[in-house]
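# Reading the structure
What follows is each chain in one-letter form.
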Amino acid sequence: MIGTLWLFNLCYHFSSKGMGRKCIHWASSSYFCYLLHQQILMFIKRGLYKTFNPHNPETMLMLYVAVPIITICICYFLYNQLHKRFPIVLSVILGEKHS
């Protein structure tokens, strides 16, 4: 609940300052991350669990925190690369309409 209110406040702040384009960019990039994160998450989780073979709580905690962070970074990196190099492909993936 607090996160939702914080996000509304942040978007209002950006739109009142004339920086509403940032909110639009964040919306499409977060939707892209939502669409793609599960596949990447499973791939990274399997790879890291096979690599580190965690048996102690510290390693489990490290993987529990690191895997989502790595996944989100990869998703946003892919979004930025697609946005720069293949914007038409990205718009098809996101379902954007063109007139």
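Whatever comes next refers back to the structure up there.
Just so it is clear, the structure is predicted and the values come from calculations on it, not from any experiment.

Cut-offs and rules
Residues numbered from 1 in each chain as written. Predicted model: local features only at pLDDT ≥ 70, side-chain atom pairs only at ≥ 80, totals over all residues. Heavy atoms only, no water. Helix = DSSP H or I, 4+ residues; strand = E, 2+ residues; numbered from the N terminus. Rg over C-alpha atoms; globule rule 2.2 N^0.38 Å. Buried < 20%, exposed > 50% of the residue type's maximum accessible area, 1.4 Å probe, protein only. Contact = heavy atoms within 4.5 Å. Areas by Shrake-Rupley, 256 points an atom, 1.4 Å probe, with all protein chains shown as cover. Expected span 1.5 Å × (residues − 1). Axes fitted to C-alpha atoms, helices over the stretch in contact; angles between N-to-C directions. Parallel < 35°, antiparallel > 145°, perpendicular 65-115°, else oblique. Nonpolar A, V, L, I, M, F, W, Y, C, P; charged D, E, K, R; others polar.

### Digging into the overall build of the protein
Each helix and strand in the protein was counted, giving four helices and zero strands. Beginning at the N terminus, the succession of helices and strands in the protein can be written as α-α-α-α. For the protein, whose C-alpha radius of gyration is 17 Å, the value lies well above the compact-globule estimate of 13 Å for 99 residues. Projecting the C-alpha coordinates of the protein onto the three principal axes gives extents of approximately 50 × 35 × 20 Å. By the burial criterion, 22% of the 99 residues in the protein qualify as buried. Of the contacts made within the protein by residues no fewer than 6 positions apart, 61% connect residues no fewer than 24 positions apart. When the accessible surface of the protein is totalled, it reaches about 8,000 Å², and 69% of it is carbon and sulfur.

### Digging into helix α3 (residues 57–85)
For α3, which comprises 29 residues, the first-to-last C-alpha distance of 42 Å matches the rise-based estimate of 42 Å (1.5 Å per residue) to within 8%. When α3 is considered as a whole, its buried residues turn out to be T59, L63, V67, T71, C75, Y79 and L82.

### Let's talk about the packing of α3 against helix α4 (residues 87–94)
Between two packed helices, the angle of one axis relative to the other and the distance separating the axes together describe the packing. Between α3 and α4, the shortest axis-to-axis distance is 5 Å and the interhelical angle comes to 125°. In terms of their interaxial angle, α3 and α4 are classed as oblique. Here Y79, L82, H83, K84 and R85 of α3 come into contact with α4, specifically with P87, L90, I93 and L94. Tallied by class, residues from the contact of α3 with α4 come to six nonpolar, one polar and two charged.

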